[in-house]
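# Overview (structure and organization)
The residues making up each chain are set out below.
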Amino acid sequence: MSQRIFVGNLPFSATEGQLTELFGKHGEVTSASVVKDKMTDRSRGFAFVEMASNEAAAAAIAALNGFQMDGRALTVNVAKPRTEGDRGDRGGRRNSGW
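Residues numbered from 1 in each chain as written. Predicted model: local features only at pLDDT ≥ 70, side-chain atom pairs only at ≥ 80, totals over all residues. Heavy atoms only, no water.

### Overview of the overall build of the protein chain
Within the protein chain, the secondary structure is distributed over 2 helices and 6 strands. Reading the helices (α) and strands (β) of the protein chain from amino to carboxyl end gives β-α-β-β-α-β-β-β. Considering only contacts within the protein chain whose residues lie at least 6 apart along the sequence, 63% involve residues at least 24 apart. When the accessible surface of the protein chain is totalled, it reaches about 6700 Å², and 48% of it is carbon and sulfur. (Helix = DSSP H or I, 4+ residues; strand = E, 2+ residues; numbered from the N terminus. Contact = heavy atoms within 4.5 Å. Areas by Shrake-Rupley, 256 points an atom, 1.4 Å probe, with all protein chains shown as cover.)

### Quick look at the sheet that holds strand β6 (residues 75-78)
Within the open sheet, the 4 strands sit side by side as β2-β3-β1-β6. Their pairing is antiparallel. The strands lining the two open edges of the sheet, one partner per strand, are β2 (29-36) and β6. Between one strand axis and the next, the sheet turns by 20° as a mean value, whatever way the strands run. Of the pairings in the sheet, the one linking β2 to strand β3 (residues 43-51) comprises 6 bridges and is antiparallel in character. Across the sheet, residue S31 finds its bridge partner in β3, namely E50. Sitting on the sheet, helix α1 (residues 16-24) is in contact with β1 (3-8), β2, β3 and β6, with an inclination near 140° to β2. Docked against the sheet, helix α2 (residues 54-64) engages β1, β3 and β6, running at close to 15° with respect to β1. (Pairing = 2+ DSSP bridges. Axes fitted to C-alpha atoms, helices over the stretch in contact; angles between N-to-C directions.)

This is the structure in structure tokens:
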């Protein structure tokens, strides 16, 4: 069963290829996705990596949480599952007429 991992405090220059290579040292990576701003196409400083097994994910989390990448200490942990209504609104005003 695959496991999705959250990677925070990511350098803005980090690529999906770099993440695949870094996490691949700890097991099979099925996908890596750097989250980008829709307007500027610039990295938002976090990503998601999916590992092929829970064991590989646990090994990657243990090894890479706090790992220095381009001078930044990565935050690596199990990604929280998306909820039904989670669209990234974060409580902001939508359609409030302002």
